[in-house]
Amino acid sequence: MPLKLIREEETSNIYSNSDFPHLRFIERTDKFSIDDIIFSDEIPLKGVVLNQLSNNWMNLLEKAGVVQSTIIASDSSSLMKFGIDEKFSGRMVVVKEFDPIPLECIVRGYYVEESESWNAYREHNNMYGNVLPKDLKDSQMLLRPIYTPSIKGKANQPDINISFADSIDVIKKYLIENVDLDKEQKKCLYALAFSVATAIRDTSIKAYKYAHSYAIQRGIIIADAKLEFGTVSDVYSGKRKLVIISEAFTPDTCRFWNVKSYQVGRPQPSLDKHIIKRYVRSNLKWNNSLKKPPVLPQDILEETANVYWNMLERLFDRNIIEVTSELAWDWNFAQQDILI
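First, a word on scope: everything that follows refers to the structure included in this document. (Residues numbered from 1 in each chain as written. Predicted model: local features only at pLDDT ≥ 70, side-chain atom pairs only at ≥ 80, totals over all residues. Heavy atoms only, no water.)

Some thoughts on the pairing of strand S17 (residues 240–245)
To keep things clear, this is the line we draw: Paired strands are those between which DSSP finds at least two bridges. Helix and strand assignments follow DSSP, with helices taken as H or I runs no shorter than four residues and strands as E runs no shorter than two, numbered in order from the N terminus.
Inspection of the sheet shows strand S6 (residues 68–69) paired to S17 by two bridges, in the parallel sense. Considered in S17, the bridge of Gln 68 is made with Val 243. Relative to S17, strand S16 (residues 220–233) runs antiparallel, the two being bridged by six bridges. The residue bridging Gly 230 from the neighbouring strand is Val 243, located in S17.

Pasting the structure below:
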């Protein structure tokens, strides 16, 4: 059976296939968004790069015992056996069906003065329940990473930052709507929600610390990161377990800075999609209140693409030209294998 598009997200598409009802097929596209508004332009090969980066990160996180992912397959041979078309080569992963938890799990390791999310600190020296020292300097590393979850805003509106306490209520609602709770669990619903919210917070911080340590050895600072989680049913026990979903530690979901040029007290050159965000804010005077996004010049798209490609090479020694060549070769080889 052909793939059926079941959900179109900002930078990815999620498909189902009735022949494999317990699997989902996630395509990473070249689309990008700023403040949850999707632009008409595309970043060349962005979907391929994000797929490679995210798959590598999730593999590392699993091996390190930080968190499990839902990935079943991403190689050409497996995709072809699932009936996937060649146009998805390098852009698609096959994952276990999961129930996404409606939280954006943000971990911040550095103070970022240009970020509007830090307005709460500037007003109260408090970031959604995280008390911080006064007078932090721009780009200063925090004493320890902080967890600041958020929830989706209304259509074309930015995400809404919430406290950890508020995240417990989000989890409670999620459990009621998505999990078959027994009598005891229903009696202790708040305690169960608190336990899940704590596991999400602790796993987010642990994943950030691991990725930060890995990246800094390769000359990259991960200033902050957004992660997403869901639950899947354990095959043996039938109980739900926490898994990382969507993507992990990519230029779409993190602030990446260069160790060599890092300097406290000023903004850092961007190695992520903030290249575009800064351009549209400063040069085009655009913000999400204007709704319709501007058309971007080709040189900005190419600069961003080069930064994305370079991130893949610096973090995982994978050159984009080699990657695309290997994908084409692997697909042809897999096709011959199936024909035989």
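What about the pattern of salt bridges?
Selection criterion: The salt bridge definition used is simple: a Lys or Arg side-chain nitrogen within 4 Å of an Asp or Glu carboxyl oxygen. Only protein chains enter the calculation, and the probe is 1.4 Å; a residue is then buried if its accessible area is under 20% of its type maximum, exposed if over 50%, and partly exposed in between.
Applying the stated criterion to the full structure yields 18 salt bridges. A salt bridge links Glu 97 to Arg 24; the shortest N-O distance between them is 2.9 Å. Here Glu 97, found in the loop between strand S8 (92–96) and strand S9 (99–100), pairs with Arg 24, found in strand S3 (residues 23–28); they are 73 residues apart in sequence, far enough to count as distant. Judged by relative accessible area, which is 35%, Glu 97 ranks as partly exposed. Residue classification places Arg 24 among the buried positions, given a relative accessible area of 18%. Where Lys 173 meets Glu 177, a salt bridge forms, and the shortest distance between an N and an O atom there is 2.8 Å. A residue pair is termed a helical-turn pair when its members lie 3 or 4 positions apart in one helix, as Lys 173 and Glu 177 do in helix H4 (residues 164–178) at four residues. Beyond isolated ion pairs, a larger network of salt bridges with shared partners links Glu 10, Asp 36, Glu 104, Lys 152 and Lys 226.

Quick word on the layout of surface pockets
Counted only if it meets this: Lining residues are defined by having an atom within 4 Å of a point belonging to a cavity or pocket. Those points lie on a 1 Å grid over the protein atoms alone, cavities being sets where a 1.4 Å probe fits but cannot get out and pockets being open sets with protein on both sides within 12 Å along at least five of seven lines. Grid points are joined across faces, edges and corners, and a volume is the space filled by probe spheres set on the points. Residues are grouped as follows: Ala, Val, Leu, Ile, Met, Phe, Trp, Tyr, Cys and Pro are nonpolar; Asp, Glu, Lys and Arg are charged; every other residue, Gly included, is polar.
Counted as a void, the largest pocket has a volume near 1400 Å³. Contributing to the lining of the largest pocket are 49 residues, with Asp 36, Glu 104, Asp 159, Lys 226 and Lys 273 lying nearest its centre. If you list the elements that add at least two residues to the lining of the largest pocket, you get strand S2 (12–16), S3, strand S4 (33–34), strand S10 (105–110), strand S14 (150–151), S16, strand S18 (254–258) and helix H7 (274–282). Looking at the lining of the largest pocket residue by residue, the classes come out as 15 nonpolar, 12 polar and 22 charged. In this model, the second largest pocket occupies a volume close to 390 Å³.

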